[in-house]
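Structural features, examined
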Amino acid sequence: MIELAERTVPWETAAESDAALLQWCQENPDLFSKRFLGTELWEKQTELAFAVRDHKHVMAVSGNGVGKTRVAACIALWWMNSFEGSQVVTTATTWNQVKNVLWSEIRALFIWNANAPDEVIRLAGKCDDTRLKIADKWFMVAISTKEPSRFHGFHSDRVLVIADEAQGIAPKIWDAFEAIAVSNNCRILALVNPITRSGRDYENFTRGLWFIVKISCMDHPNVVHGRQVIIGGPTREWIAEREADWGRESALFQSRVLAEYPTEEEDTLIPLAWISAAGLADRCDTSGGTHLGVDPAR
């Protein structure tokens, strides 16, 4: 857990002036999420939010169901409302992931704020399916990862790039992130499921140039406290089932539960990375005829 900075502006003082309120927001991404978005971040989510505040390159390496997409949505809205003229560029391995998963969380949080009690300050801007706009050069947008050229044209001292399911993103897209996050005030947040010891995400993990936040299912409040603290999160029972089914030393358990890059066994026929990549791929075009997937045995 990183050490959190001293909260120099208390909420009671901050709420009395625009300048103090802005400073309070910039310093407190966790409390911003609680007060403005109705979401109390748990320990590892808080660590990730402060990592983005303090570091230019941040990668969250996580197990399944720990809430990394939820906290990424909180971070996106915190960034937009804390830094005037900021821009947030969101992407993922597939368009479905960015539109229907990450932006589903963003829209839900924005709607919660719009319908919150009167004492909750409203977020700025207008939000639709994949775009939130405050002003012409102050906005959040979703982009597909197919072409690096789609990342051109973003110019701000406060660009935040959020890449969901980043383990499936091509190297040329990672390079495009760097091309728009040029200022020291810019940030890149990559959300990764560790599936293979290769690719740009693993290089970033091992080279020591990125700030890494590891979020294992073992860290989740449901598992730590042995009861349902957060609906939909991993539980002790689920982990026990996965251990019995997959084996504690299996690549699946290492990746999906422990948030560790797995070591593939020598007798593996189909690597976990191939399976994961197939699950993230866009559907094939069947307009040219019938396609059949066959698993021949013996």
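Okay, so let's go over this structure. (Residues numbered from 1 in each chain as written. Predicted model: local features only at pLDDT ≥ 70, side-chain atom pairs only at ≥ 80, totals over all residues. Heavy atoms only, no water.)

Re the environment of His220
Along the chain, His220 falls in the loop between β8 (211-215) and α9 (221-225). On the basis of relative accessible area, His220 is assigned to the buried category, the value being 1%. Apart from residues no more than four positions distant in its own chain, His220 is found in contact with Trp42, Gly65, Val66, Ile230, Gly233 and Pro234. In this structure the side chain of His220 is engaged in a polar contact, spanning 3.1 Å, whose partner is the backbone nitrogen of Asn222. (Helix = DSSP H or I, 4+ residues; strand = E, 2+ residues; numbered from the N terminus. Buried < 20%, exposed > 50% of the residue type's maximum accessible area, 1.4 Å probe, protein only. Contact = heavy atoms within 4.5 Å. Polar contact = N/O pair within 3.5 Å; in protein donor to acceptor, adjacent residues only side chain to side chain.)

Quick notes on the side chain of Ser250
You can see Ser250 is positioned in the loop between α10 (236-246) and α11 (251-256). At a separation of 3.2 Å, a polar atom in the side chain of Ser250 contacts the main-chain carbonyl oxygen of Trp246.

Regarding the packing of helix α3 (residues 29-37) against helix α5 (residues 68-82)
Their axes nearest at 10 Å, the elements α3 and α5 cross at an angle of 95 degrees. Viewed along their axes, α3 and α5 adopt a mutual orientation that is roughly perpendicular. Residue-level inspection shows Pro29, Phe32, Ser33 and Leu37 of α3 in contact with α5, the latter providing Cys74, Leu77, Trp78 and Asn81. A breakdown of the residues in the contact of α3 with α5 according to their chemical character gives six nonpolar, two polar and no charged. (Axes fitted to C-alpha atoms, helices over the stretch in contact; angles between N-to-C directions. Parallel < 35°, antiparallel > 145°, perpendicular 65-115°, else oblique. Nonpolar A, V, L, I, M, F, W, Y, C, P; charged D, E, K, R; others polar.)

Here we look at the packing of aromatic side chains
In the structure shown here, the tally under the stated rule is 12 aromatic pairs. For the pair Phe32 and Phe36, a centre-to-centre distance of 4.6 Å together with 20 degrees between the ring planes defines the contact as stacked. Taken together, the residues Phe32 and Phe36, both in helix α3 and four residues apart, mark about one turn of the helix. Here the two residues Phe32 and Phe36 agree in accessibility, since each one is buried. Taken together, the aromatic side chains of Phe151, Trp174, Phe177 and Trp210 make up a single cluster linked through ring pairs. Between Arg131 and the ring centre of Phe139, over which it is positioned, the NZ or CZ distance is 4.7 Å. Arg242 extends its terminal NZ or CZ atom over the ring of Trp246, reaching a point 5.0 Å from the ring centre. (Phe/Tyr/Trp six-rings, centres within 6.5 Å; stacked < 30°, edge-to-face > 60°. Lys NZ or Arg CZ within 6 Å of the ring centre and 35° of its normal.)

Considerations on the pattern of salt bridges
Scanning the model with the defined rule gives 11 salt bridges in all. When the shortest N-O distance is used, the salt bridge between Arg70 and Glu105 registers 2.8 Å. Taken together, the residues Arg70 in helix α5 and Glu105 in helix α6 (residues 95-114) connect sequence positions 35 residues apart. For Glu203, the salt bridge is made with Arg200, and the minimal N-O distance between the two is 3.8 Å. Placement of the pair is Glu203 and Arg200 together in helix α8 (residues 200-207), with a separation of three residues, close to one helical turn. Ionic contacts of the salt-bridge type, sharing partners, join the residues Asp175, Arg200 and Glu203 into one network. (Salt bridge = Lys/Arg side-chain N within 4 Å of Asp/Glu carboxyl O.)

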